[in-house]
Amino acid sequence: VANVFPVIDGSGSMDAAAEGGGWGRASRGQISRRQVAYAMSIAFSTKNPVEEFKNTYGWFSRNFHIVGQSKYKDTRPNKYVDSAGYIEKGDAKTIISAGNTFTENLKRIQQSDPGEVSSTNMGAVVDYFIKLVESGKFHVEELPQAILYITDNEHNTGDSPSKVLQRASAIGWHPLSIFWGITEIREDMKRQFMNTPNCLL
């Protein structure tokens, strides 16, 4: 039982075959890395023991997007305003649920993909939550204690993890970053993340 917020790697390399596919797209009959991430996200989201994280998840590529009914999709001017009219509830067609069949959830998670495949900026996830605190909408204690990245571990195009986590530390937030790789970890990823505090590969 953990306060874990799952996020999916939406970069272009996720369209490659799940096994030994290199950079090319998965061909007919092959399962892509993206499809593996869909399946894992359905499991982590629908079975999440933290009620406020259940049936919700995020996408990251160049930017970060949240799908589902989440308090973190908050357009309030500040934390003193009643959130009822400002929380984005999302489109019911794109929300996954333990009450749906796996096939229904798979179709819905595919529909929720923002289609932004330009890069792999892992820091966009952390920066999104930092802005919620800096804008005065949330207290640090309300942020996720752990972020679960479901990724192919290809490479990180944003700031180094140490720089990103320094920004988080500046507001008193020390999230555990878990990178659940669905392919072998590349050497450039190892160099960036292996010796960074609060990062698990």
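To be clear, the structure that these remarks concern was listed above.
Residues numbered from 1 in each chain as written. Predicted model: local features only at pLDDT ≥ 70, side-chain atom pairs only at ≥ 80, totals over all residues. Heavy atoms only, no water.

Participant: Give a description of the overall build of the chain that names residues and reports values.
Facilitator: Counting its secondary structure elements, the chain contains 5 helices and 6 strands. For the chain, the proportion of contacts with a sequence separation of at least 24, taken over those separated by at least 6, is 68%. With the model as given, the accessible surface of the chain reaches about 10100 Å², and the carbon-plus-sulfur share is 50%. (Helix = DSSP H or I, 4+ residues; strand = E, 2+ residues; numbered from the N terminus. Contact = heavy atoms within 4.5 Å. Areas by Shrake-Rupley, 256 points an atom, 1.4 Å probe, with all protein chains shown as cover.)

Participant: Describe the sheet that holds strand β2 (residues 57–60), and please don't skip the residues or the numbers.
Facilitator: The 6 strands lie next to each other as β3-β2-β1-β4-β5-β6, forming an open sheet whose pairing is mixed. Because the sheet does not close on itself, it has two edges, and the strands there are β3 (64–67) and β6 (199–200). Bridge count between strand β1 (residues 4–9) and β2: 3 bridges; the pairing is parallel. Paired with D9 across the bridge in β2 is F60. (Pairing = 2+ DSSP bridges.)

Participant: Describe the pattern of salt bridges, listing the residues and the values that go with them.
Facilitator: Taken as a whole and judged by the stated rule, the model has 8 salt bridges. Across the salt bridge formed by D152 and R33, the nearest N and O atoms sit 3.1 Å from each other. Taken as a pair, D152 in the loop between β4 (146–151) and α4 (161–170) and R33 in helix α1 (residues 33–46) lie far apart in primary sequence, 119 residues in all. Summarising the burial analysis for this pair, D152 and R33 share the class buried. Sharing partners across several salt bridges, the network here consists of D15, R34 and D113. (Salt bridge = Lys/Arg side-chain N within 4 Å of Asp/Glu carboxyl O. Buried < 20%, exposed > 50% of the residue type's maximum accessible area, 1.4 Å probe, protein only.)

Participant: Tell me about the packing of helix α3 (residues 123–134) against α4, and name the residues and values.
Facilitator: Remark: α3 packs on α4, axes separated minimally by 10 Å, with the N-to-C direction vectors making an angle of 10°. Compared by their axis directions, α3 and α4 come out roughly parallel. Every pair of crossing elements has a handedness; the one defined by α3 and α4 is left-handed. Taken together, the residues of α4 that come into contact with α3 (itself represented by G123, V126, D127 and I130) are V164, R167 and A168. When the residues that make up the contact of α3 with α4 are grouped by side-chain class, the tally is 4 nonpolar, 1 polar and 2 charged. (Axes fitted to C-alpha atoms, helices over the stretch in contact; angles between N-to-C directions. Parallel < 35°, antiparallel > 145°, perpendicular 65-115°, else oblique. Left-handed = near helix turned anticlockwise from the far one by under 90°. Nonpolar A, V, L, I, M, F, W, Y, C, P; charged D, E, K, R; others polar.)

Participant: Give a detailed account of α4, specifying residues and quantitative values.
Facilitator: Helical periodicity: at 3.6 residues per turn, an α-helix aligns residues three or four positions apart in one direction. All of the buried residues along α4 are P161, V164, L165 and A168. Here the buried residues of α4 occupy an arc of 95° about the axis, which is enough to place them on one side. In α4, the exposed positions that point more than 90 degrees away from the buried face belong to Q166 and A170. Against the buried residues of α4 lie α3, β5 (176–181), α5 (187–193) and β6. A positive phi of about 85° marks G172, the residue just after α4. (Arc of directions from axis to C-beta.)

Participant: Outline the packing of aromatic side chains, supporting the account with residue identities and numerical values.
Facilitator: Under the definition given, this model contains 15 aromatic pairs. Considering the side-chain rings of Y128 and F129, the 5.6 Å spacing of their centres and the 85° angle between planes classify their relative orientation as edge-to-face. Summarising the aromatic geometry, the rings of Y149 and F179 are spaced 4.4 Å apart at their centres and angled 20° between planes, so their arrangement reads as stacked. Taken together, the residues span a long stretch of sequence, with Y149 in strand β4 and F179 in strand β5 at a distance of 30 residues. With respect to class, Y149 is no different from F179; both count as buried. By way of ring pairs, the aromatic residues F5, F53, F64, Y72, Y128, F129, F138 and W173 are connected into one cluster. (Phe/Tyr/Trp six-rings, centres within 6.5 Å; stacked < 30°, edge-to-face > 60°.)

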